[in-house]
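# Observations on chain architecture
Next come the chains, spelled out residue by residue.
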Amino acid sequence: MNIHKILKTYFGYEEFKKGQEKLIRGSLNGKDVLGVMPTGGGKSLCYQLPAILLEGITIVISPLISLMKDQVDSLNEMGISGTYINSTLNGEELSERMQGIRGGKYKIIYVAPERLNTYLFRDLIKDIKVSMVAIDEAHCISQWGHDFRPSYLEIPKFIKSIENRPVVSAYTATATKEVIVEIKELIGLKDPLESIIGFDRPNLFYKVAKVSDKFSYLIDYLKNNYQGESGIIYCATRKTVEALAKKLNQKGIPTVDYHGGMTAEIRQKNQDDFIFGKVNIIVATNAFGMGIDKPDVRFVIHYNMPKNMEAYYQEAGRAGRDGEPSDCILLYSPADIVKQKFLIQSSTFSPRRETMLYENLQYLVDYCNTNDCLRNSILKYFGEEIEEDNCNNCGNCLSESEMVDITIEAQKILSCIYRVQERYGTTMVIQVLRGSRSKRILELGLDKVSTYGIMKEYSESVLKEIVMTLVSMDYIYITADKYPVLKLTQNSSSVLKGEVKVYHKKDLLVTKSSGRKKVVSSDYIEANYDKSLFEELRELRYRLSQEKGLAPFMIFHDSSLKEMAVYFPQDRESFLNIKGVGLKKYESYGEQFIKIIKDYSTENRIDLAGFKRENLVEKPAREYDMDRYQLTYDCYLEGLSLKEIASRRDYTINTIIRHLERCEKNGQTVNWSRFIDDPSKEKKILAAIDEVGLEKLKPIKEMLPEEISYEDIRIVIAKNRLK
Ligand code: ADP
Ligand code: MG
Ligand code: ZN
């Protein structure tokens, strides 16, 4: 299997995240690698995937014992055999696992660094083939880093002790130069292939809220955002943590608390309740979070200001590891600054250190007070290059109150309306401004007018927004015709001559097309998923997770459930098409989830044969899909009927039609007539389509005699290339 197939089959993903492929190929080609990727960047997959392909086993060194079980559970859920060795195991469990390892039962073994050089472990390693040693959180080896672990210094010795040196891969999210240099040196990476990816986390929305009443702000936020989803609220002190958790519970918002002053058992229980989705909200001091890999934390709210930017970024960064939109909100009050300053004063630091602490604090204070882009302010702190002034996804860039001058934009639009002689509607005017090459524009010669293409960098929606604003301000008049046309008004000239200025809310204008895309590809899913179906799927997931003693996200991520609630998969193939669904997960859970989807569709009279499934066609073809289409096409060439192809390929006829359509798009010839048994059917179908349109299949079907099937309709649509 190639790496793309493994990615799909085990992990359920169609494509790699930035940097992953390079590092994976590096490891597979026997090179040491160093991956520096932000939290949520997908580091684990970089060593888990090659581990499947490499001979023998991969040893993963990771500092957090509490996490190993989760990681291994997740692996096993995906059908990858793994285990872990750390101090939580009793003697019996340990020897059982050792035996399993000797017997070749596992591909991946997680080990705590303290274990590496024990006699027992060394002895074990002698007898087995270790192909790779992967070091997660590699910055723990550096004293410059914020969480130095002396036991990490044992790693190089361990690697040396292995007879045939395995490839070594190291991963971290800490990107400072000193740390990177130390990691390479201390671990002894040999001429490593490096992939260093920026700090930015585009899916995180940053905001500083200056509010007088934090508690009511919080309640308001919780009521209106991400209801039923997970979030962390950080407070400065244990006392605040306890008081706030209590108040939230009293308000009917189930919350657990977490701080260093509790017994270990209670802490663990509260943490588990949060991670396993029994309670959605945890209020905590900064003692919480180290090694929390929960991917679906939708918001991190700082009820108090932390001590510096590094701490803030680390804590806030626990939101949105899964890449879905998530909020990082800092509640600002001057009193918090006073408190932090007091903490520095009252400790006995050297003057140099004290100055540094003040400076670090000041950076965060500046962050709270700036009117500029918050994301850029963070990136600057970490020495990153800034790409755009405006990130379009932070509280400042999307500030509601700020008005910006759009006089120049208004002038361009008005003069364009004038240049096209006030003869066209909004769409055409915008196309001219954006320099569209559409057939209509070219036919009409509108590419010759002087305003053609003068607003290329603006998105269509922003231009529409400005046009509508100008209409509302009476600088443009829209005729009330069947085809409405934009005309100038008697006020337009004052704008064109620069006698008056035009202002507009900033947040509505920042989506210049050159700007950062707000959130990856999940935008479409986010906007279109069926909320009630999503809830039902979530319920099922929760039930299953409780039965199996797993965290819900180990079964499916929210993003997978949301895709299900867009595409309504109802068979094996379309279910496997869902992001995050690999083979094993389909086998374990597919049937149950598909049942919910089918029942839901029946109850709500959603026509599954209709448009929902069409959405799947929209996904671009990838390498993995290509083989699939080719196999179908091979059957076609053999002269099989659709039914025969479907049964040979173990797909539905609809899917086969879809495959063949795709083949045709790719330039292969498909003679659809072969599948039409009675030419009079085609005529009837075309007539029906003429009548009711193509949007949904059901109305077409309903117009036709019983013996004409959905498949017939689809074939005719394909044959006549109606889509
Ligand atoms: P890191 O250790 O870098 O913080 P993780 O390895 O925990 O990040 O991965 C973060 C999330 O990204 C996980 O939920 C993981 O399933 C997901 N992920 C990893 N690789 C991909 C991919 N290629 N496509 C989509 N999601 C991915
Ligand atoms: Mg990680
Ligand atoms: Zn911004």
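Presented here is a report on the structure given in the accompanying data block. Predicted model only: the values in this text are computed from it and were never measured.

Glancing now at the pattern of salt bridges. Taken as a whole and judged by the stated rule, the model has 28 salt bridges. A salt bridge links Lys 269 to Asp 273; the shortest N-O distance between them is 2.8 Å. Here Asp 273 and Lys 269 lie together in helix α11 (residues 264-275), a separation of four residues that amounts to about one turn. The salt bridge partner of Asp 447 is Lys 448, with a shortest N-O separation of 3.5 Å. Residue class for Lys 448 comes out exposed when judged on its relative accessible area of 66%. A cluster of three or more residues bridged by salt bridges with shared partners is formed by Arg 102, Asp 123, Lys 126 and Asp 127.

A separate point is the coordination of the zinc ion (ligand 3). As a benchmark, a tetrahedral metal site with four donors has ideal angles of 109.5 degrees, while an octahedral site with six donors has ideal angles of 90 or 180 degrees. Protein coordination at the zinc ion (ligand 3): the donors are Cys 373 (SG), Cys 391 (SG), Cys 394 (SG) and Cys 397 (SG), at 2.3 to 2.4 Å from the metal. Metal-centred angles of 101 to 120 degrees between the four donor atoms at the zinc ion (ligand 3) mark the site as tetrahedral. Sequence spacing of the donors to the zinc ion (ligand 3): C-x17-C-x2-C-x2-C. Here Cys 373, found in the loop between α14 (351-369) and α15 (374-381), pairs with Cys 394, found in the loop between α15 and β14 (403-405); they are 21 residues apart in sequence, far enough to count as distant. What makes Cys 373 buried here is its relative accessible area of 6%. Assessed through its relative accessible area of 0%, Cys 394 is described here as buried.

Let us look at the packing of aromatic side chains. Under the counting rule described, the total for this entry stands at 21 aromatic pairs. Both rings, one in Phe 199 and one in Tyr 313, keep their centres 5.4 Å apart while their planes meet at 40 degrees; by these two values the pair is tilted. Remark: Tyr 313 occurs in helix α12 (residues 309-316) and Phe 199 occurs in the loop between β7 (193-196) and β8 (204-210); sequence separation between them is 114 residues. Neither Phe 199 nor Tyr 313 differs from the other in exposure class; each is buried. Relative to Phe 382, the ring of Tyr 313 has its centre 5.1 Å away and its plane inclined at 50 degrees; by these criteria the two rings are tilted. Of the two residues, Tyr 313 sits in helix α12 while Phe 382 sits in the loop between α15 and β14, which places them 69 residues apart along the sequence. With a relative accessible area of 10%, Tyr 313 lands in the buried category.

Another point: helix α13 (residues 334-346). A rise of 1.5 Å per residue sets the reference length of α13, with its 13 residues, at 18 Å; its end C-alpha atoms lie 19 Å apart and thus fit the reference within 8%. Among the residues of α13, those classed as buried are Asp 336, Ile 337, Gln 340 and Ile 344. The buried residues of α13 occupy an angular sector of 105 degrees when projected down its axis, which confines them to one face. The exposed residues of α13 that point more than 90 degrees off its buried face are Pro 334, Val 338, Phe 342 and Gln 345.

What follows concerns unusual backbone geometry. The phi torsion at Tyr 226 lies on the positive side, around 45 degrees, for a residue other than glycine. Tracing the backbone shows Tyr 226 in the loop between α9 (214-224) and β9 (230-234). Despite not being glycine, Phe 568 shows a phi value in the positive range, around 45 degrees. Counting through the fold element by element, Phe 568 comes out in the loop between α24 (558-567) and α25 (572-576).

Time to look at the sheet that holds strand β6 (residues 167-172). What the seven strands build is an open sheet, ordered β3-β4-β2-β5-β6-β1-β7; its pairing is parallel. Among the strands making up the open sheet, the edge pair consists of β3 (82-85) and β7. Pairwise comparison of adjacent strand axes, ignoring direction, gives a mean angle of 15 degrees for this sheet. Sheet topology note: the strand β5 (residues 130-135)/β6 ladder contains four bridges and is parallel. By the bridge assignment, Ile 135 is partnered in β6 with Ala 170. Of the strands in this sheet, β3 and β4 (108-111) are in contact with helix α4 (residues 65-77), which crosses β3 at around 165 degrees.

Cut-offs used in this document
- Counting restarts for each chain: residues are numbered from 1 in the order of the written sequence.
- Labels are handed out in written order, letters beginning with A for the chains and numbers beginning with 1 for the ligands.
- The predicted nature of this model means local features are confined to residues of pLDDT at least 70 and side-chain atom pairs, given and counted, to a pLDDT of 80 or more, with totals for whole chains, interfaces and linings taken over all residues.
- Side-chain descriptors were evaluated using all non-hydrogen atoms of the structure, hydrogens and water having been removed beforehand.
- By convention in these notes, a salt bridge is any Lys or Arg side-chain nitrogen within 4 Å of a carboxyl oxygen on Asp or Glu.
- The numbering of helices and of strands both runs from the N terminus, where a helix is a DSSP run of H or I of at least 4 residues and a strand a run of E of at least 2.
- To sort residues, take the accessible area from a 1.4 Å probe on protein chains only and compare it with the maximum for the residue type: under 20% means buried, over 50% means exposed, and anything in between is partly exposed.
- For Na, K and Ca the donor cutoff is 3.2 Å, while for all other metals N, O and S atoms count as donors only within 2.8 Å; water does not appear among the atoms, so some sites may look incomplete.
- Geometry assignment treats four donors as tetrahedral when all angles are between 85 and 135 degrees, treats four as square planar and six as octahedral when opposite donors are over 155 degrees apart and all others between 65 and 115, and treats everything else as irregular.
- Any pair of Phe, Tyr and Trp rings, taking the six-membered ring for Trp, is counted once the centres come within 6.5 Å. Such a pair is stacked with planes under 30 degrees apart, edge-to-face with planes over 60 apart, and tilted for the rest.
- What a helix is expected to span follows from its residue count: subtract one and scale by 1.5 Å.
- To obtain the arc, one takes the directions from the helix axis to the C-beta atoms.
- Strands were regarded as paired on the criterion that DSSP finds at least two bridges between them.
- Only C-alpha atoms enter the line fits that serve as axes; for helices the fit covers just the stretch in contact. Angles between N-to-C directions range over 0 to 180 degrees.
- Note on contacts: a residue pair qualifies if any of its non-hydrogen atoms lie within 4.5 Å across the two residues.

Any functional reading would require information that these geometric values do not contain.
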